Amino acid sequence: MDFICTKCGRRVPTATRAASCECGGLWKLDYEPPKYDPDKIERDTWGIFRYRAFMALTGEEWRSVTMGEGMTPVIPLDDDVLLKMDYYMPTLSFKDRGAAALIAHCKAAGVDSVVQDSSGNAGNSVAAYCGRAGIRCEIFVPEGTSPKKITMIRSHGATVNIVPGNREACANACRKKVRDTGIFYASHVYNPFFYEGTKTYIYEIFEQLHRIPAYLFIPTGNGTLFLGAVKALEHLLASGVIDKMPHIVAVQSEHCDPLYAAAQSGEKAPAKADSRPTLAEGIAIAEPMRGEEILSYIYRYGMEVQTAPEAEILPARAALAERGIFCEHTTAATYAAYLAYCKKHGKIRDALLPMCGAGLKSEH
Ligand SMILES: Cc1ncc(COP(=O)(O)O)c(C=O)c1O
Ligand SMILES: [Zn+2]
């Protein structure tokens, strides 16, 4: 299987150690899944790899790497809203979908040491799966990252490098190490295998509900869930099992909204957004590397972007907790954005929101 450069079209085998193309372009996979067919779901596999017929995978290494991630329930919040409980995962966030697929690929490719940068959850997840796969791991996190996330990352045997400054400074420090040392960059943003894992968010919803709800709200920082979800939805569309795209609402932070700002004026590239501190640390990405790709989908399918009002995040979190759902601040921001969307457009029916991160992780 090959990677193709999204900028210059160069092709390299996926076993490459190069994080991106020499021209600076990011990789995409040269992979078309076969037509969707429910009979191709491997129902004896209790986890995301039950959808492996529709995932680009190298070898059988996933069998020793998987921890049964995925298979999260969909529950009603009220008559209009469904929640997909993606914090019911081995490391308590949806990132396990992507990390399981990415680290299975690393193991199959013989990688023995990786670095990665993250606002916390993706690092947590990559560290856990590396621990399981016996791969050395160093995670770069920005200062101010929830101490609980840092403790969890260390507990998996990974080294944590706390970088002064914001999320971009952290990414830059990590990428410098990749350039200087040639170490494998197990990035949830750069590496296309991560998105093969996040595609399963949609395959699961479709298997559970036998349909796709009318509105999907998706928190979008770097867009790993957004892009995986859109790829899987395009697959279902192309296979003729759904007849239209659902209405997708990408959720950004009011304090860091480069995609929202770009979408307001139809810009192709993410806008220069001011990045003020926000409780929604997981989506505070001022320079999303795949921003143009995300925006192109937003325009192609008439999607919307909604910001989460900062002042509404804590009340939204409390409202969910009162109903038994204790989620992290970034996840409460998705609910706050849904409420703000309803305020603007009136009540909408049949919306699905992912509960991406568990509450104890951001309790500080
Ligand atoms: C809880 C939570 N929700 C949503 C996101 C957004 O994911 P992405 O940056 O891939 O769009 C993150 C990312 O870390 C997260 O931790
Ligand atoms: Zn290139």
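Look above for the structure.
As the structure is a prediction and not an experimental result, all values here were calculated from the model.

Colleague: Got a minute to help me understand the overall build of the chain in this structure?
Modeller: Secondary structure assignment for the chain yields 12 helices and 13 strands. The C-alpha atoms of the chain give a radius of gyration of 19 Å, which matches the 21 Å a tight globule of 364 residues would have. Each principal axis of the C-alpha distribution contributes one length, and for the chain these read about 50 × 50 × 40 Å. The buried share among the 364 residues of the chain stands at 59%. Put simply, of all contacts in the chain between residues at least 6 apart along the chain, 68% involve residues at least 24 apart.

Colleague: How do you make sense of the coordination of the zinc ion (ligand 2) when you look at a structure like this?
Modeller: The expected angle between donors at a tetrahedral four-coordinate metal is 109.5 degrees. At an octahedral six-coordinate metal it is 90 or 180 degrees. Note on the zinc ion (ligand 2): its protein donors are Cys5 (SG), Cys8 (SG), Cys21 (SG) and Cys23 (SG). The metal-donor distances range over 2.2 to 2.3 Å. Spacing between the donor residues of the zinc ion (ligand 2) along the chain follows C-x2-C-x12-C-x1-C.

Colleague: Could you clarify how one ought to interpret the layout of surface pockets in this entry?
Modeller: Over the atoms rolls a probe the size of a water molecule, and in doing so it shows where empty space is left. A volume near 630 Å³ is recorded for the largest pocket. Leu29, Tyr31, Glu32, Lys231 and Tyr297 are the residues nearest the centre of the largest pocket, which is lined by 25 residues in total. Put simply, the parts of the chain that give the lining of the largest pocket at least two residues each are strand 1 (2-5), strand 3 (27-29), helix 6 (192-198), helix 8 (224-238) and helix 10 (291-300). Of the residues forming the lining of the largest pocket, the biggest block, 5 residues, is contributed by helix 8. Looking at the lining of the largest pocket residue by residue, the class counts come to 12 nonpolar, 3 polar and 10 charged. When we break the lining of the largest pocket down by domain, the ones giving at least three residues each are domain 1 (1-30) and domain 2 (74-90 + 193-362). Put simply, the second largest pocket is a space of about 480 Å³. Around the second largest pocket, the lining comprises 17 residues; the ones closest to its centre are Pro288, Met289, Arg290, Gly291 and Glu292. When its residues are assigned to classes, the lining of the second largest pocket shows 7 nonpolar, 4 polar and 6 charged. Summarising the domain contributions, the lining of the second largest pocket has at least three residues from each of domain 1 (1-30) and domain 2 (74-90 + 193-362).

Colleague: How do you make sense of the pairing of strand 10 (residues 215-219) when you look at a structure like this?
Modeller: Successive side chains on a regular strand alternate, one facing one side of the sheet and the next facing the other. With 5 of 5 residues buried, strand 10 is to be regarded as a mostly interior element. Burial along strand 10 is two-sided: the residues Tyr215, Phe217 and Pro219 and Leu216 and Ile218 are all buried. Pairing of strand 10 with strand 11 (residues 247-253) involves 5 bridges; the strand directions are parallel. If you follow Ile218 over to strand 11, its bridge partner there is Ala250. Both strand 10 and strand 13 (residues 351-354) contribute to a ladder of 2 bridges, which runs parallel. Residue pairing in the sheet places Leu216 in a bridge with Leu352 of strand 13.

Colleague: I'm lost on empty space enclosed by the protein in this one. Help?
Modeller: Taken as a whole and judged by the stated rule, the model has 2 cavities of 30 Å³ or more. In this structure, the largest cavity occupies an estimated 250 Å³ of space. Around the largest cavity, the lining comprises 23 residues; the ones closest to its centre are Phe94, Lys95, Gly282, Ile283 and Thr330. Of all the secondary-structure elements, those providing two or more residues to the lining of the largest cavity are helix 3 (121-133), helix 8 and helix 12 (329-345). Here the lining of the largest cavity is composed, by residue class, of 7 nonpolar, 13 polar and 3 charged. For the lining of the largest cavity, the two domains that each supply at least three residues are domain 2 (74-90 + 193-362) and domain 3 (95-191).

Colleague: Is there a simple way to think about the pattern of salt bridges in this case?
Modeller: If the charged atoms of two oppositely charged side chains come close together, the side chains can form a pair. For the structure on display, the rule yields 22 salt bridges. Between Asp86 and Arg97 there is a salt bridge, and its shortest N-O distance comes to 2.7 Å. Taken together, the positions of Asp86 in the loop between strand 5 (81-84) and helix 2 (95-108) and Arg97 in helix 2 put the pair 11 residues apart, joining distant regions of the chain. With respect to class, Asp86 is no different from Arg97; both count as buried. Of the charged contacts in the structure, one is a salt bridge between Glu328 and Lys149, with a shortest N-O distance of 3.3 Å. Of this pair, Glu328 sits in the loop between helix 11 (310-322) and helix 12 while Lys149 is found in helix 4 (residues 147-155), placing the two residues 179 residues apart along the sequence. For the residue pair Glu328 and Lys149, the accessibility class agrees, reading buried in each case.

Colleague: Which parts of the structure should I look at to understand the sheet that holds strand 1?
Modeller: Backbone-to-backbone hydrogen bonds join strands into a sheet, with any given pair of strands oriented parallel or antiparallel. Overall, antiparallel pairing links the 3 strands, which are arranged 2-1-3 in an open sheet. The open sheet has two free edges, formed respectively by strand 2 (11-13) and strand 3, since each of these has just one partner strand. The mean angle between the axes of side-by-side strands here comes to 35°, regardless of whether they run parallel or antiparallel. Strand direction decides the pairing type here: strand 1 and strand 2, joined by 3 bridges, are antiparallel. Looking at the pairing, Ile4 lines up with Arg11 of strand 2.

Colleague: Honestly, the state of the cysteines in this entry has me stumped. Any pointers?
Modeller: Think of a disulfide as a covalent bridge from one cysteine sulfur atom to another cysteine sulfur atom. Summed over the entire model, instances satisfying the criterion amount to 0 disulfides. Among the cysteines around Cys106, which has no disulfide bond, Cys130 carries the closest sulfur, lying 6.5 Å off.

Cut-offs applied
Residues numbered from 1 in each chain as written. Chains lettered and ligands numbered in written order. Predicted model: local features only at pLDDT ≥ 70, side-chain atom pairs only at ≥ 80, totals over all residues. Heavy atoms only, no water. Helix = DSSP H or I, 4+ residues; strand = E, 2+ residues; numbered from the N terminus. Rg over C-alpha atoms; globule rule 2.2 N^0.38 Å. Buried < 20%, exposed > 50% of the residue type's maximum accessible area, 1.4 Å probe, protein only. Contact = heavy atoms within 4.5 Å. Donors = N, O, S within 2.8 Å, 3.2 Å for Na, K, Ca; no water. 1 Å grid on protein atoms, 1.4 Å probe; cavity = no way out; pocket = protein on both sides within 12 Å on 5 of 7 lines; lining within 4 Å. Points joined across faces, edges and corners; volume = space filled by probe spheres on them. Nonpolar A, V, L, I, M, F, W, Y, C, P; charged D, E, K, R; others polar. Domains from an automatic or database assignment. Pairing = 2+ DSSP bridges. Salt bridge = Lys/Arg side-chain N within 4 Å of Asp/Glu carboxyl O. Axes fitted to C-alpha atoms, helices over the stretch in contact; angles between N-to-C directions. Disulfide = S-S within 2.5 Å.

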